[in-house]
Amino acid sequence: MTDYQRRLKWFHEARFGIYVHFGLYSLLGRGEWTMYSERIPPKEYAKLADKFDPAPGAAREWCELARLAGAKYIVLTTRHHEGFSLFDSKYSDYTSAKHGCRRDLVREFTEAARACGLKVGLYYSLLDWRYPGYFEPEKYPKSRADLVDYVHHQVRELMTNYGRIDLLEYDGGWMHDLDPDKENQIGFWRARELNKMVRELQPDIIINNRSGLEEDLDTPEQVVRASTPGRGWESCMCIGDSCAWGYTRFNPNMKTPEQLIQYLVQASQGSGNYLLNIGPMPDGHVRAEEIERLTRVGQWLAVHEKAIRNSERCGLIGSSQPGLVDLNLQGVWTRRGKTAYWCIFRWPGTEAAAVRVDTRPISAKILTTGEAVDFEYREKGGKLILKGLPPLPPDDLCTVLEVKFPKVPDRMEEPHPADWLFS
Ligand code: GLC
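A quick note: this is a predicted structure, and the numbers were derived from the prediction, not measured.

Remarks on the pattern of salt bridges
Pairs can form between side chains of opposite charge whenever their charged atoms are close. Scanning the model with the defined rule gives 40 salt bridges in all. Close ionic contact of lysine 98 with aspartate 88 constitutes a salt bridge, the shortest N to O distance being 3.3 Å. One end of the pair, lysine 98, is in the loop between strand S2 (73–79) and helix H6 (105–115); the other, aspartate 88, is in the loop between S2 and H6, and ten residues separate them in sequence. Lysine 98 gets classed as partly exposed once you look at its relative accessible area, which sits at 28%. Residues glutamate 376 and lysine 387 are paired through a salt bridge, measuring 3.2 Å at the closest nitrogen-oxygen approach. Of the two residues, glutamate 376 sits in strand S13 (residues 374–378) while lysine 387 sits in strand S14 (residues 383–387), which places them eleven residues apart along the sequence. The class of glutamate 376 is partly exposed, set by a relative accessible area of 27%. Via salt bridges that share partners, Asp3, Arg6, Arg7, Arg164, Asp166, Arg199, Asp204, Glu215 and Asp216 belong to a single interconnected network.

Written out as structure tokens, the structure is:
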């Protein structure tokens, strides 16, 4: 096992985490980009700081909900692009320790996460909209230099003052002019020096790819997209619209529990993780719509987590189109070792047929109920028909069929695409 594999072992076993976006923007209820998108000058926006007063125990509520949801780690925004830090800092007075509640929420959060048995993730935005040197580095060179120094100091504080940190999620590393040259971005943030310091302070930490350097994790956003085999990746997603990580009071497009589970299953198929976001309300409490969804996901995971935890990449498909394109009409297969889990999103009725399965199964059962299932396997074309299923889906969100094989199952090649016509 390489050091990289060792550091990511817990991450792969987890497969599911909760993201928490909380800051001054939460008080406005229009998402975390409000200061910039409405061009609210820092002096005016900073008036929110003295109103920032989350209920005592809010961080514990987030962590208890994450545990109830079946998440194994939780990530909090320690400072978002707005510049307000949720932790006591020697390098900024614009913090929750010096305004409003006058509390170090990062400390409350890290303690609550550990008390709930969760791994600790910290999100940190490199950019800070209050610095003109971020927007126009040539015109404001001192502001640019001050910003980067302050970033390095604050990251050092986060890596030093809060015990073991398991995951560091940078964000906001892009250049304001969206310069695609990664070396320019790496140079702007002095990212190599920054991450060397992080790893010296937290040798086992996992670092994402948003400081400009690849580091340990790819982070597809609002989409599930697997990285190359062997590389860790994590799909991060909002329950509501993609524009609303922070609390957005009127958010018409909340994903259903079914959809959330489908994304989690798809991430597991690709041996990646799903980081699902909540945006606590101004008082720090979690909105009912988010509590309801996370509770339902947790209930499903409690019964079906074998199909998710520590999953390995699975090449099996339900039904298929030409080549590697897969319709997933019934649902998505996940895998752990020689056992595959067909996670059925659209219940087909008393029979479920999969094609291009390269290995005759040993046995099959409905994981949801434990009920054994008959099957027919046709070597030619690898067609697997699971029979005698109940006419209605045993689980109202996603029924899982567990199929054991004598070896690691995979997708059968289809060199003669017309052959099935004559079978
Ligand atoms: C994007 C958003 C940012 C959010 C982040 C979460 O960068 O702009 O607001 O915190 O995604 O990954």
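Quick notes on helix H8 (residues 141–161)
Under the 1.5 Å per step criterion, the end-to-end length of H8 is 30 Å for 21 residues, consistent within 8% with the ideal 30 Å. Within H8 the residues assigned to the buried category are Ser143, Leu147, Val148, Tyr150, Val151, His152, Gln154, Val155, Glu157, Leu158 and Met159.

Some points on the sheet that holds strand S4 (residues 167–171)
Reading across from one edge, S5-S4-S3-S2-S1-S8-S7-S6 is the order of the eight strands in this open sheet, with parallel pairing throughout. A strand with exactly one partner marks an edge of an open sheet, and here the two such strands are strand S5 (206–207) and strand S6 (217–218). Relative to S5, S4 runs parallel, the two being bridged by two bridges. Residue pairing in the sheet places leucine 168 in a bridge with isoleucine 207 of S5. Across the sheet, helix H1 (residues 3–14) touches strand S1 (16–20), S2, strand S3 (119–125), S4, S5, S6, strand S7 (232–238) and strand S8 (273–278), and the angle it forms with S7 is around 35°. Relative to the sheet, helix H11 (residues 257–269) contacts S1, S7 and S8, its axis offset from that of S8 by approximately 150°.

What to know about the site of the ligand
The environment of the ligand is made up of 13 residues, and the closest members are His21, Glu32, Trp33, His80 and Glu221. The separation between an oxygen atom of the ligand and a polar side-chain atom of aspartate 171 is 3.0 Å. Within the complex, the protein chains bury 92% of what would otherwise be the 310 Å² of accessible surface of the ligand. For the shell around the ligand, the residue count by class is six nonpolar, three polar and four charged.

A word on H1
Residues Arg7, Leu8, Trp10, Phe11 and Ala14 constitute the buried set of H1. Seen along its axis, H1 keeps its buried residues to an arc of 130°; they face one direction.

Concerning the domain arrangement of the chain
Entries for the chain in the domain assignment read domain 1 (3–307) and domain 2 (331–422). Using only C-alpha atoms to locate each centre, domain 1 and domain 2 end up separated by 38 Å. Listed by partner, the interface residues are 14 residues for domain 1 and 15 residues for domain 2. Summed over the shared surface of domain 1 and domain 2, the result is two salt bridges. Lysine 306 serves as the salt-bridge partner of glutamate 402, at 2.9 Å between the closest nitrogen and oxygen.

Details of the pairing of S4
Within S4, five of the five residues are buried, leaving the element largely enclosed by the surrounding structure. What you see with S4 is no split at all: Leu167, Glu169 and Asp171 on one side and Leu168 and Tyr170 on the other are buried throughout. As paired strands, S3 and S4 are joined by five bridges and run parallel to one another. The residue of S4 that forms the bridge with leucine 122 is leucine 168.

Points about a nonpolar patch on the surface
On the surface, Trp420, Leu421 and Phe422 cluster together to form a nonpolar patch covering roughly 430 Å² of accessible area. Mapped onto the fold, tryptophan 420 is located in the segment after strand S15 (399–404). Using a relative accessible area of 59% as the deciding quantity, one classes tryptophan 420 as exposed.

Reading the values: the criteria
Residues numbered from 1 in each chain as written. Predicted model: local features only at pLDDT ≥ 70, side-chain atom pairs only at ≥ 80, totals over all residues. Heavy atoms only, no water. Salt bridge = Lys/Arg side-chain N within 4 Å of Asp/Glu carboxyl O. Helix = DSSP H or I, 4+ residues; strand = E, 2+ residues; numbered from the N terminus. Buried < 20%, exposed > 50% of the residue type's maximum accessible area, 1.4 Å probe, protein only. Expected span 1.5 Å × (residues − 1). Pairing = 2+ DSSP bridges. Contact = heavy atoms within 4.5 Å. Axes fitted to C-alpha atoms, helices over the stretch in contact; angles between N-to-C directions. Near = heavy atom within 4 Å. Polar contact = N/O pair within 3.5 Å; in protein donor to acceptor, adjacent residues only side chain to side chain. Areas by Shrake-Rupley, 256 points an atom, 1.4 Å probe, with all protein chains shown as cover. Nonpolar A, V, L, I, M, F, W, Y, C, P; charged D, E, K, R; others polar. Arc of directions from axis to C-beta. Domains from an automatic or database assignment. Patch = residues over 30% accessible without salt bridge, like charges linked within 9 Å, V, L, I, M, F, W, Y side chains within 5 Å.

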